[in-house]
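# Breakdown of the fold
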Amino acid sequence: MTTNADETPKRPRRRAPAGAAVLREDVTEAIRAAVFEELAAVGYARMSIEGIARRAGVGKTAVYRRWRSKLHLVLDVVSAMAVLGLPVPDTGSLEGDLRLLYGVTSRALRHPVASQIIPDLQAEAARSPEIAEALQKAVRDGQDSVASKIVAAAERRGEVRSGVDTDLALDLISGPLYWRSVVIRSPKLPKNYLDTLARATAAALTAL
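## Let's talk about the nonpolar core
- In this structure, I31, Y44, L73 and V74 are the most contacted members of the largest nonpolar core, which totals 26 residues.
- Looking at this core, the elements with two or more residues in it are helix 1 (25-46), helix 2 (49-56), helix 3 (60-66), helix 4 (70-84), helix 6 (112-127) and helix 7 (129-157).
- For L73, the residues in contact, after removing those within four places along its chain, are I31, V35, I49, I52, V63 and W67.
- V164, L177, L194 and L197 belong to the second-largest nonpolar core, a separate cluster that totals 22 residues.

## Points about the confidence of the model for the chain
- Residue-level pLDDT values for the chain average 81, and 82% of them are 70 or greater.
- The spread of mean pLDDT over the elements of the chain runs between helix 4, the lowest at 71, and helix 9 (residues 193-207), the highest at 96.
- Ignoring residues within four places in sequence, the model shows residues 1-20, a span with pLDDT below 50, making zero contacts including any to other chains.

## Points about the packing of helix 1 against helix 2
- Where helix 1 contacts helix 2, the axes come no closer than 8 Å and their chain directions differ by 120°. Relative to helix 2, the element helix 1 is oriented oblique. Once helix 1 is placed against helix 2, the crossing between them reads as right-handed. From helix 1, A30, I31, A34, V35, E37, E38 and A41 reach across to helix 2, where they touch G51, I52, R55 and A56.
- A class-by-class count of the residues in the contact of helix 1 with helix 2 yields seven nonpolar, one polar and three charged.

Conventions we followed
Residues numbered from 1 in each chain as written. Predicted model: local features only at pLDDT ≥ 70, side-chain atom pairs only at ≥ 80, totals over all residues. Heavy atoms only, no water. Core = buried A, V, L, I, M, F, W, Y, C linked by side-chain atoms within 4.5 Å. Buried < 20%, exposed > 50% of the residue type's maximum accessible area, 1.4 Å probe, protein only. Helix = DSSP H or I, 4+ residues; strand = E, 2+ residues; numbered from the N terminus. Contact = heavy atoms within 4.5 Å. pLDDT = per-residue confidence, 0-100. Axes fitted to C-alpha atoms, helices over the stretch in contact; angles between N-to-C directions. Parallel < 35°, antiparallel > 145°, perpendicular 65-115°, else oblique. Left-handed = near helix turned anticlockwise from the far one by under 90°. Nonpolar A, V, L, I, M, F, W, Y, C, P; charged D, E, K, R; others polar.

In structure tokens:
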């Protein structure tokens, strides 16, 4: 076979090495769902990669391709869900935004699965600095990314003063509901509690 001198020989295509296939998103989502179910069923300490894989209907290899350990799997999933699970309210008022945020957050915290998982992870966090740091980051990132936008919108509307202490504002927004739902685990919120909380928090932020 001959080629012209002016022609550049074509390089053969390289085949992807074995095991380098693109990870299927449906498998990844099945594993993430299985993590929450397994956490709720047996807790973090007793949870295993084998159990997660069995619940997801996949092999252990599929899990290890995505996460190198049980700890990294749980922290990744919890962190992602904490950030993605909250909407950014846009009702046109500070009190309205807070009320919408509290409604969504309350439902999420009081969900049967979440109510089992969060205390269990908190207990594990007391024994593992790595879990403690990641759990704190997951909770703060999820709440702060939304709460900071609520405060910024209120500042633009003139409902709170310019240059308000953002950290204090975020503590005021996130603290009360988390305390009641997660720390003391009140079985039921009082009637109109979220309306009253939104009104009181808006007043507190205005006073800063």
